[in-house]
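For reference, the chains in residue letters:
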Amino acid sequence: TAWNTPSEWNQSWSGFGKRFVNREVQVGISNSIVAGLGAVWGEDVRYFRSRRTGIWARTGYAAKTTFLAPRRNGELAPAWAYYIGAVGNNLIANAWLPDSATGVGDTTWRISNGLLGRFAGNLWFEFWPEVRERIFERK
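Now for a quick tour of the structure. (Residues numbered from 1 in each chain as written. Predicted model: local features only at pLDDT ≥ 70, side-chain atom pairs only at ≥ 80, totals over all residues. Heavy atoms only, no water.)

**Notes on the packing of helix α2 (residues 55-67) against helix α4 (residues 104-135)**
For any two helices packed against each other, the geometry comes down to the angle between their axes and how far apart the axes lie.
Okay, step 1: Two elements in contact, α2 and α4, have axes separated by 9 Å at closest approach and are oriented at 140°. Considered as vectors, α2 and α4 are oriented oblique to each other. Once α2 is placed against α4, the crossing between them reads as right-handed. Taking contact as the criterion, the partners of I55, R58, T59, Y61, A62, A63, T65, T66 and F67 in α2 are, on α4, L115, R118, F119, N122, L123, E126, F127 and E130.
Okay, step 2: The class makeup of the residues in the contact of α2 with α4 is nine nonpolar, four polar and four charged. (Axes fitted to C-alpha atoms, helices over the stretch in contact; angles between N-to-C directions. Helix = DSSP H or I, 4+ residues; strand = E, 2+ residues; numbered from the N terminus. Parallel < 35°, antiparallel > 145°, perpendicular 65-115°, else oblique. Left-handed = near helix turned anticlockwise from the far one by under 90°. Contact = heavy atoms within 4.5 Å. Nonpolar A, V, L, I, M, F, W, Y, C, P; charged D, E, K, R; others polar.)

What follows is the structure in structure tokens.
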């Protein structure tokens, strides 16, 4: 809403509501695609903490698992369900988004933001337990 994108939805409470519902629906579609295909293909789409030490090793693992997922045998392999979920939900969203937001560049931008969001989520799950422990440490 702050950036008024798409501009047809205006910077108003109504526009905020449309953007909020749009985002929630897209997340739901993406998660459904990822979970469904992941189950069929044997991809475990959950994030598992790395058990590594050091900020850079753990950050690297979070980045790697943005694009790779463990298979039934435990090996990491391309996360096809993630890719299809990121692309699929945005192509589906083009059906209701205003024309100004459905171009190739706009759709590509949304797909990239989805993958960046997955990386941010991985970082959260990787580091939050220690951060929480330090913040709320009881003496």
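**Description of the packing of aromatic side chains**
Each pair of aromatic rings is reported with the distance of its centres and the angle of its planes.
Okay, step 1: Summed over the entire model, instances satisfying the criterion amount to five aromatic pairs.
Okay, step 2: Geometrically, the ring pair formed by W13 and F16 is edge-to-face, given 5.8 Å between the ring centres and 80° between the ring planes. Within this pair, W13 and its partner F16 are both found in helix α1 (residues 13-41), separated by three residues, close to a single helical turn.
Okay, step 3: The class of F16 is partly exposed, set by a relative accessible area of 41%.
Okay, step 4: Between W124 and W128, the ring centres sit 4.7 Å apart and the planes meet at 10°, which makes this aromatic pair stacked. Here the residue W124 and the residue W128 both occupy positions in helix α4, the gap between them amounting to four residues, near one helical turn.
Okay, step 5: In this structure W128 comes out as partly exposed when scored by relative accessible area, which is 24%. (Phe/Tyr/Trp six-rings, centres within 6.5 Å; stacked < 30°, edge-to-face > 60°. Buried < 20%, exposed > 50% of the residue type's maximum accessible area, 1.4 Å probe, protein only.)

**Quick look at the nonpolar core**
Okay, step 1: By size, the foremost hydrophobic cluster in this structure holds five residues: V34, A69, A79, A81 and Y82.
Okay, step 2: Those residues within four positions of A79 in sequence are excluded, and the remaining contacts are E43, F67, L68 and A69. (Core = buried A, V, L, I, M, F, W, Y, C linked by side-chain atoms within 4.5 Å.)

**Focus on the environment of Q26**
Okay, step 1: Structurally, Q26 is set in helix α1.
Okay, step 2: Sequence spacing of Q26 and Y82 is 56 residues, and the spatial spacing of their C-alpha atoms is 14 Å.
Okay, step 3: When near neighbours in sequence (up to four residues on either side) are disregarded, Q26 contacts N89, N90, A93, W96, L97 and R110.

**A look at α2**
Okay, step 1: Here α2 contains 13 residues, and its C-alpha end-to-end distance of 19 Å stays within 8% of the 18 Å for a straight helix at 1.5 Å per residue.
Okay, step 2: The inward-facing, buried residues of α2 abut β1 (68-70), β2 (76-78), α3 (80-93) and α4. (Expected span 1.5 Å × (residues − 1).)

**Notes on the pattern of salt bridges**
Okay, step 1: Scanning the entire structure with this criterion turns up five salt bridges.
Okay, step 2: The residue E130 makes a salt bridge to R58 at a minimum N-O spacing of 3.1 Å. In this pair, E130 is assigned in helix α4 and R58 in helix α2, connecting sequence segments 72 residues apart.
Okay, step 3: Its relative accessible area of 11% is what places R58 among the buried residues.
Okay, step 4: One salt-bridge network, in which partners are shared between bridges, spans R49, R58, E126 and E130. (Salt bridge = Lys/Arg side-chain N within 4 Å of Asp/Glu carboxyl O.)

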